Structure formats: structure tokens, C-alpha cells
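Chain and residue survey
Read off the chains here:
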Amino acid sequence: QVQLVESGGGLVQAGGSLRLSCGASGRTFSSYAVGWFRQAPGKEREFVAAIARGGGLTYYQDSVKGRFTLSRDNAKNTVYLQMNDLKPEDTAVYYCAAHPEGYTYYTRAYDYPYWGQGTQVTVSS
């Protein structure tokens with residue numbers, strides 16, 4: 001079992017930046033793939049980005065390419081989502097999720113067995 005905790009959300013003006021963190025328990029977390037998803041009120045959960053265990057394989061949703069960057073520090077059991085040039089449409093609750101077969105990344109929510117509780121990101125115009 002892996003326990004995930006997101007942090008770093010908050011209120012920011014359009015064009016600003018936030019860095020979200022996904023901290024995990026478990027000595028084997030470095031071998032997990034991690035995905036980020038978001039859900040706005042009244043909308044379905046949406047894939048944002050994902051990273052494989054080594055950090056060299058990443059994938060981003062088209063709407064965030066060039067603005068969001070994934071990285072991981074396996075020594076700290078943490079994955080980061082750097083979000084730049086934020087837009088009001090980025091407003092959502094952001095969730096991280098982990099998959100134990102971390103040799104690749106996953107873009108579908110149902111692939112992930114472990115989820116955090118989410119952190120709110122609000123971008124004002």
C-alpha cells in the first residue's frame with residue numbers, strides 16, 4: 001500500500017505559477033509511475049500529466065504542454081508538478097495517483113490503484 005498526499009495548491013492570478021507536490025509513503029515508491037489528474041466542478045476527471053519511475057518518460061495533456069513540467073525526487077519520495085503561465089481554465093482540484101508498474105506511464109485514471117485526496121488550485125483572472 002502507498003499513501004499519497006498532495007500539497008502546494010492555492011490561489012494565484014492568471015499568468016502566475018504554482019508547484020504541486022505529491023509525497024508518498026513506502027520504500028518502493030521510486031519504482032512507481034505517477035500521474036496527475038484534475039477535476040473542476042461539474043466536469044469529469046481529466047488527465048494532466050504522467051511520469052515513469054526513472055523520470056525520463058513523461059507525457060502531458062495538450063492543453064498544458066509547454067506550461068507544466070513534471071519531475072521527481074525519489075530520494076524524497078516526492079513528485080512535483082511545476083505549473084507556469086496558469087490560466088483560469090486550470091482551476092480544479094488536482095490529484096496525484098500512483099501505479100506500481102512504473103517502467104512506463106499511464107494516462108487513464110482507472111489504471112491507477114492509489115490516489116491522494118487532492119489539492120485545490122484556483123486561478124483568478
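Right, let's walk through the structure included here. Predicted, not measured: the structure shown is a model, and the values here were computed from it.

1. A look at the packing of aromatic side chains
The description of two aromatic rings rests on the distance between their centres and on the angle between their planes. In the structure shown here, the tally under the stated rule is nine aromatic pairs. Both rings, one in Phe37 and one in Tyr112, keep their centres 5.5 Å apart while their planes meet at 80°; by these two values the pair is edge-to-face. Residue Phe37 is located in strand β4 (residues 33–39), and its partner Tyr112 is located in the loop between β9 (92–99) and β10 (114–115); the two are separated by 75 residues in the primary sequence. Here Phe37 and Tyr112 have matching classes, each one buried. Ring centres of Tyr112 and Trp115 lie 6.2 Å apart, and the angle between their planes is 75°; this geometry places the pair in the edge-to-face category.

2. A few points about the state of the cysteines
For the coordinates displayed, the defined rule picks out one disulfide. Here Cys22 is linked by a disulfide to Cys96, with a sulfur-sulfur distance of 2.1 Å. Here the S-S torsion is close to 65°, and the disulfide linking Cys22 with Cys96 is therefore right-handed. With Cys22 in strand β3 (residues 18–24) and Cys96 in strand β9, this pair connects stretches of sequence that are 74 residues apart.

3. As for the pattern of salt bridges
Scanning the entire structure with this criterion turns up six salt bridges. Note that Asp90 and Arg38 form a salt bridge whose closest N and O atoms lie 2.9 Å from each other. Residue Asp90 is found in the loop between β8 (78–83) and β9, and its partner Arg38 is found in strand β4; the two are separated by 52 residues along the sequence. By relative accessible area, Asp90 is classed as buried at 1%. The network of salt bridges with common partners includes Arg38, Glu46, Arg67 and Asp90.

Conventions used here
- Residues numbered from 1 in each chain as written.
- Predicted model: local features only at pLDDT ≥ 70, side-chain atom pairs only at ≥ 80, totals over all residues.
- Heavy atoms only, no water.
- Phe/Tyr/Trp six-rings, centres within 6.5 Å; stacked < 30°, edge-to-face > 60°.
- Helix = DSSP H or I, 4+ residues; strand = E, 2+ residues; numbered from the N terminus.
- Buried < 20%, exposed > 50% of the residue type's maximum accessible area, 1.4 Å probe, protein only.
- Disulfide = S-S within 2.5 Å.
- Salt bridge = Lys/Arg side-chain N within 4 Å of Asp/Glu carboxyl O.

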